[in-house]
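# Structure at a glance
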Amino acid sequence: MRSIQFDHIAIAVPRLVDAQTVLVGDLGGAPTFGAVTDAFRFWHWRFEGGGRIEVLEPAGADGFLHRFLAQRGPGIHHVTFTVPDLREVCDRARAHGYSIVGYDDSDPEWKEAFLHPREALGIVVQFAEPHPEASSGTSLQRWQPPPGPANPPPPVTMLGLRMRARSAERATAQWGAIVQGERDARADGTLVYRWPGSFMRIAVEIDPGHDEGPICIEYASRRPVALPEGPHPVLGAVFRKRPIS
């Protein structure tokens, strides 16, 4: 029986090609695959240890990414978990008081549903039940962006996403009870959730006085990495280097 896996962190930007300078040229990511739909284009980069970052670019004249970028600018958009049974995880989420949006099981290769950020600690959570063997003839078209920077540096290790929640109970309900992460409580009060077989984890800081949502993407590297301390001007996300454990 397959288990839930933390698959990737997704970032929305106006122009996907601009992300390559950072994800390849600075962080050493290896391009893996991408595709284009009527609403967006996406591409994935893989890093040391297997962590993945997805970047989304809006397509067409209007859509959810156009609205996201107009309201917030570039930045972290969602996290994706692959699940063995989409209906089961959605039922579990509803049982804990969450609403499900965007439920779509029409494509046998990729069934998906979402937790809305208003309920899901300030971030979109995507559940996906993939069946690549189904070969349904989906309308998803493969897409290849222009070549990235030549001679990229060695890849960093993507450790995962750091979030903020107003209470340990809210974090435990979402990342533990619904998404079934294994929790490790740190001495500083941070809650760390891991999924066996996944390359990345989610760390949650408990702070009742601040808005919930993503804080930063955490990575480790044995080499210097030249990234700004605050939000990256292209990707919008904050990247923080952590010690190699």
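Above this text sits the structure in question.
Here the structure is a predicted model, which is why all the values come from computation and not from measurement. (Residues numbered from 1 in each chain as written. Predicted model: local features only at pLDDT ≥ 70, side-chain atom pairs only at ≥ 80, totals over all residues. Heavy atoms only, no water.)

## Some remarks on the overall build of the chain
What counts is decided by this rule: Only runs of H or I of at least four residues qualify as helices and only runs of E of at least two qualify as strands under DSSP, and these elements are numbered from the N terminus. Note that the radius of gyration is over C-alpha atoms, with the globule rule given as 2.2 Å times the number of residues to the power 0.38. Each residue is placed in one exposure class: buried if its accessible area under a 1.4 Å probe, protein chains only, is under 20% of its type's maximum, exposed if it is over 50%, and partly exposed if it falls in between. Note on definitions: a residue-residue contact is assigned when non-hydrogen atoms from the two residues lie within 4.5 Å. Note on areas: these come from Shrake-Rupley sampling with a 1.4 Å probe, and a residue is covered only by the protein chains present in the view.
A tally of regular secondary structure across the chain gives four helices and 15 strands. Against the globule reference of 18 Å for 245 residues, the chain gives a C-alpha radius of gyration of 17 Å, in line with a compact fold. In terms of principal-axis extent, the alpha carbons of the chain reach across some 50 × 50 × 35 Å. Within the chain, buried positions represent 49% of all 245 residues. Once local pairs closer than 6 in sequence are excluded, the contacts in the chain between residues at least 24 apart make up 63%. Approximately 11800 Å² of the chain is accessible, and the part contributed by carbon and sulfur atoms is 50%.

## Focus: unusual backbone geometry
The backbone of asparagine 151 sits at a positive phi, close to 50°, despite the residue not being glycine. Mapped onto the elements of the fold, asparagine 151 is located in the loop between β9 (141-142) and β10 (157-165). Even without being glycine, glutamine 180 reaches a positive phi, approximately 65°. Structurally, glutamine 180 is set in the loop between α4 (168-178) and β11 (182-185). Classification of glutamine 180 as partly exposed rests on a relative accessible area of 43%.

None of the figures reported here should be taken as evidence of function without further support.
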